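Now for the letters of each chain:
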Amino acid sequence: MKKYFLFYLLFCAGFAEAQQLNVGIRLQKTHQMYWENGVSAQYSFANFKPDRLFVGFDFVTSRLGTAFNSNALKQDSYIFSGSWHFFKKRQVHLVGRLNAGYLNTDLEEDVFAELPSSAVLMAPELGLNYSPKNLPFSFNTGIGFYVNTQEESKTPGTFQPLYYHMTLYYKLFENRK
């Protein structure tokens with residue numbers, strides 16, 4: 001897992017032409033289930049819809065949330081996203097986002113080996129972003145709905161469709177053309 005995250009950071013660092021690179025901490029709650037925490041990164045390109053279109057990656061895990069120091073199931077989500085920021089000139093603006101990724105649940109015991117432990121994630125999301133003009137921070141909140149792309153009995157029992165999140169981003173750099 002650490003190898004994938006390191007690869008992604010190096011991949012993002014290779015885009016020196018990015019208009020903006022944001023990294024942050026994400027807190028996510030699956031409705032009536034787990035708290036998950038993790039990291040988030042997003043960037044926009046200088047030559048194509050700068051400050052409007054963002055491409056990103058989120059890694060959230062219950063290991064740092066509900067499952068930390070408890071017997072809750074440990075699950076990890078790897079989410080790639082594309083988002084569009086509406087009304088960007090305002091400090092608070094609307095964000096539409098489409099997520100795709102992978103969920104893996106660690107069932108830990110051999111007796112559960114027959115149960116499904118992974119799922120493909122697809123989710124539309126709607127949210128708000130607060131970006132103060134003179135600070136390198138932005139606060140993003142959103143609500144999304146995972147569309148179940150697999151048969152009912154082929155997804156983990158912890159897979160729930162409705163989720164909401166809060167993400168605090170820090171602008172690593174911002175190039176103005």
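Use the structure listed above.
Residues numbered from 1 in each chain as written. Predicted model: local features only at pLDDT ≥ 70, side-chain atom pairs only at ≥ 80, totals over all residues. Heavy atoms only, no water.

The next thing to look at is the pairing of strand S3 (residues 53-61). Of all nine residues that make up S3, seven are buried, and the element is covered over most of its length. In this sheet, S3 lies alongside strand S2 (residues 35-45) in antiparallel orientation, the contact comprising seven bridges. Paired with glutamine 42 across the bridge in S3 is glycine 56. Where S3 lies against strand S4 (residues 74-85), nine bridges are found, and the strand directions are antiparallel. (Buried < 20%, exposed > 50% of the residue type's maximum accessible area, 1.4 Å probe, protein only. Helix = DSSP H or I, 4+ residues; strand = E, 2+ residues; numbered from the N terminus. Pairing = 2+ DSSP bridges.)

Here the idea is simple: oppositely charged side chains can pair when their charged atoms come close. Under the criterion given, the structure shown has four salt bridges. In this structure, arginine 97 engages aspartate 58 in a salt bridge whose closest nitrogen and oxygen atoms are separated by 2.1 Å. Here arginine 97, found in strand S5 (residues 92-106), pairs with aspartate 58, found in strand S3; they are 39 residues apart in sequence, far enough to count as distant. For arginine 63, the salt bridge goes to aspartate 76, with nearest N and O atoms at 3.1 Å. Residue arginine 63 is located in the loop between S3 and S4, and its partner aspartate 76 is located in strand S4; the two are separated by 13 residues in the primary sequence. The partly exposed category is assigned to arginine 63, whose relative accessible area is 33%. (Salt bridge = Lys/Arg side-chain N within 4 Å of Asp/Glu carboxyl O.)

The next thing to look at is unusual backbone geometry. With a phi angle near 60°, glutamine 32 is a residue other than glycine that sits in the positive phi range. Tracing the chain through its elements places glutamine 32 in the loop between strand S1 (18-30) and S2. Here glutamine 32 falls in the exposed class, since its relative accessible area comes to 68%.

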